[in-house]
Amino acid sequence: MPLRNTAERYGVVAKAFHWLTLLLLIGSFTIAYSMVDMRISPRKLELYSWHKWVGVTVFLFVILRLAWRLRNSAPPLPEGMSALQRRLAALSHILLYTILIVMPLTGWVMSSARNLPLVYLGLIEIPSPFGVNQALGDALKAVHFYLSLALLFFVGVHVLAALQHHFILRDDILRRMLPWGLRPSTKPPETPGN
């Protein structure tokens, strides 16, 4: 399997960024769901640290992924997709990338503003850009929460679109991003007159 994208499929690097980001998001949401209603305790603070570390890692992955994408264009969309579908696909990807960049930033500033410093992996302190500001921290807590809902929504749209391409349109959109490679399309051949 090639490292770089080809006209038919994504390469190993793009697939790794895609699927590792998904695993990190599952971990982040699982940690967040677990910690949010816990009483303050060493365990809750530990979970908060893990959640922050995952957020920073997602942010770094997205930046690296976008840099990789600039040098390795994605395989083209199927020719049968309408202009509207192409625009919606592009818009949904832009929104996903934007949320995946902005959400960790809001978490970082929120934590710092609430005097909960971010020490990545327990080793690297990422200083606050604004200092302690409880009002800012409270405002960003709400923004961070609503961004998480938006992220869940757009990830859901992304998954449903991939499944539609696979099971209804029967094209290779999903197959070319699967981690185990590209299998031949199961779409029946077009016959004249159809």
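Chains are numbered independently. Their residues run from 1 in the order of the written sequence. Under the rules for a predicted model, residues below a pLDDT of 70 receive no local features and side-chain atom pairs below 80 are neither given nor counted, while totals for whole chains, interfaces and linings still include all residues. Only heavy atoms go into the side-chain values, all of them from the structure, while hydrogens and water stay out.

Q: Would you explain unusual backbone geometry in this entry?
A: Excluding glycine, a negative phi dihedral is what most residues carry, and trans is how most peptide bonds are arranged. The phi torsion at Asn115 lies on the positive side, around 65°, for a residue other than glycine. Its location among the elements puts Asn115 in the loop between helix 3 (83-113) and strand 1 (118-120). Buried means the residue's accessible area, taken with a 1.4 Å probe over protein chains only, is under 20% of the maximum for its type, while exposed means over 50%, and partly exposed covers the values in between. Exposure remark for Asn115: the relative accessible area of 53% places this residue in the exposed category. In the Ramachandran plot, Leu121 falls in the positive-phi region, its phi being about 55° despite a non-glycine side chain. Tracing the backbone through its elements, the reader meets Leu121 in the loop between strand 1 and strand 2 (124-126). What makes Leu121 partly exposed here is its relative accessible area of 46%. Only runs of H or I of at least four residues qualify as helices and only runs of E of at least two qualify as strands under DSSP, and these elements are numbered from the N terminus.

Q: Sorry if this is basic, but what is going on with the environment of Ile101 here?
A: Topologically, Ile101 is positioned in helix 3. Not counting the four nearest positions on each side in its chain, Ile101 is found in contact with Phe59, Val62, Ile63 and Leu66. It only takes one pair of heavy atoms within 4.5 Å for two residues to be counted as in contact.

Q: Would you explain the nonpolar core in this entry?
A: Looking at soluble globular proteins, one finds that nonpolar side chains tend to be buried together. Among buried residues, the Ala, Val, Leu, Ile, Met, Phe, Trp, Tyr and Cys ones that are joined through side-chain atoms within 4.5 Å form a nonpolar core. Ranked by internal contacts, the top residues of the largest apolar core, which has 14 residues, are Val58, Leu100 and Leu151. Beyond its immediate stretch of four places on either side in the chain, Val58 contacts Leu24, Leu25 and Leu100.

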